[in-house]
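Geometric and topological summary
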Amino acid sequence: MSETVANTPSYDYPFGTLSTAMVTPMTDAGEVDYDQAAQLAIKLVDDGCDSLVVTGTTGETSTLTDEENIGMFRAVVEAVGGRAKVIAGSTTNDTRHSLHLTSEAVKAGVDGILATAPYYNKPSQAGVQAHLETIANSVELPVMVYDIPGRAGIAIATETLIRLADHPNIVALKDAKADYQETTRVLANTDLHVYSGDDGLTMPLMAAGAIGVVSVTAHIAAPLFRELVDAVHAGDLATARAKHFEIDPLQRAVMTHAQGAVAAKTILNREGVLASPAVRLPLVTPSEAEMAAIEADLAEAGRTL
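Residues numbered from 1 in each chain as written. Predicted model: local features only at pLDDT ≥ 70, side-chain atom pairs only at ≥ 80, totals over all residues. Heavy atoms only, no water.

1. With respect to the packing of helix 1 (residues 34–46) against helix 2 (residues 66–80)
Stated precisely, the cut-off is as follows: Every angle, taken between N-to-C directions, lies between 0 and 180 degrees, and every axis is a line fitted to C-alpha atoms, over only the stretch in contact when it is a helix. Strands are runs of DSSP state E lasting at least two residues, helices are runs of H or I lasting at least four, and both sets are numbered from the N terminus onward. These descriptions rest on fixed angle ranges, namely under 35 degrees for roughly parallel, over 145 for roughly antiparallel, 65 to 115 for roughly perpendicular, and the rest for oblique. Each crossing gets its handedness from the near helix: less than a right angle anticlockwise from the far helix is left-handed, clockwise is right-handed. Two residues form a contact once any of their heavy atoms are found within 4.5 Å.
The contact between helix 1 and helix 2 brings their axes to 9 Å, and the two run at 45°. What the angle tells us is that helix 1 and helix 2 run oblique. The interaxial crossing formed by helix 1 with helix 2 has right-handed handedness. Here Tyr 34, Ala 37, Ala 38, Ala 41, Ile 42 and Val 45 of helix 1 lie close against helix 2, whose contacting residues are Glu 67, Glu 68, Gly 71, Met 72, Ala 75, Val 76, Ala 79 and Val 80.

Encoded structure:
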């Protein structure tokens, strides 16, 4: 186990305050590398994360088999269970399939469920609500709803989120809508624990009342995010603003030139954290132009590959 490099305060939230949406490490042959996943989970917790999302979007869940998803849940629970909350990205656009994967995640010992808006189907808001409430009804764990219209093809309407907040198991929202006004309405009208789902919006959303972030950039910047999140909780916006600016080129490197999983795996591989940068089709490794842009942003932050 690596040495702890960031002190992680204790917050009384079921999903913590700083979560990394973990990549799923793979071998060069494209097989899931559970040992690397365990080592990565330990590093992220040592770096200050108090929760980890396993096989969410960044974890390439849509191209994993059920057995691989469940294997990832088990590997990360075994590696860091008890030290950090393990959140299972166990839902799909098929409610029945989501119930199966969620049941298996519970058996694996996870601490909570990330339930995404059903993608591709484009159901009505009544269908979205029924899907998410059916999943929440199936567990005795806290559920974080994931609103990401850019990927799902639909937004979860603010009115729907307000209704979902009445469910006793639905306690949090990962907000990747990038609509500050609508997030403000959710914060003003519910008791949901709101997490930024956009790395670059962490500080402004927290200034309005969000309690943390589910981050991809935290793969390479967890200690900085830890400082930002803790500063906001302490009411020290000057420090939070400084960390926001410090993080900015790193989040641009990870989030703006290639898909987040692609960029994160490539950087982690180049820095010696992951043995392979492999992703599964239809994802591909960065082009030369994308890599040059990633390296330029990292250089702005004082990082070289």
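Now, onward.
2. Regarding the nonpolar core
Put simply, the rule is: Here, nonpolar core means buried Ala, Val, Leu, Ile, Met, Phe, Trp, Tyr and Cys residues that are tied together by side-chain atoms lying within 4.5 Å of each other. Buried, partly exposed and exposed residues are distinguished by accessible area as a fraction of the type maximum, computed with a 1.4 Å probe on protein chains only: under 20%, between the cut-offs, and over 50%, respectively.
Counting 92 residues, the largest nonpolar core has Met 22, Leu 52, Val 76, Val 80, Val 110, Ile 156 and Ile 220 as the members making the most contacts within it. Here this core takes 10 residues from helix 9 (residues 218–233), the largest share from any one element. Look past the residues within four positions of Ile 220 in its chain and what remains in contact with it is Leu 250, Val 254, Ile 267, Leu 268, Glu 271, Leu 298 and Arg 303.

3. A look at the UniProt feature "site: Part of a proton relay during catalysis" (unreviewed entry) in the chain
Which entries qualify depends on this criterion: UniProt positions are given in the numbering used here, feature names are shortened, and annotations may be inferred rather than shown by experiment.
Under the feature "site: Part of a proton relay during catalysis" (unreviewed entry), the UniProt entry names Thr 57 and Tyr 120. Over a stretch of 64 residues, the named residues converge on one spot in the fold, their C-alpha atoms separated by at most 14.2 Å. In this fold, Thr 57 is placed in the loop between strand 2 (51–54) and helix 2. Looking at Thr 57, the relative accessible area reads 28%, which means it is partly exposed. For Thr 57, the contacting residues outside a window of four places in its chain are Tyr 146, Arg 151 and Gln 259. Mapping Tyr 120 onto the fold places it in the loop between strand 4 (112–116) and helix 4 (125–137).

4. Here's the deal with the UniProt feature "binding site: pyruvate" (unreviewed entry) in the chain
Taking the UniProt record as the reference, the feature "binding site: pyruvate" (unreviewed entry) is found at Thr 58 and Val 214. What stands out for the annotated residues spanning 157 residues is how close their C-alpha atoms remain, the widest pair being 10.8 Å apart. Looking at the element boundaries, Thr 58 is found in the loop between strand 2 and helix 2. Setting aside its immediate chain neighbours within four residues, Thr 58 contacts Ala 21, Met 22, Val 23, Thr 24, Val 216, His 219 and Ala 261. Structurally, the position occupied by Val 214 is in strand 8 (residues 212–215). For Val 214, a relative accessible area of 1% corresponds to the buried category. If sequence neighbours within four positions are ignored, Val 214 has contacts with Ser 19, Ala 21, Val 53, Met 144, Lys 174, Tyr 195, Ser 196, Gly 197 and Asp 199.

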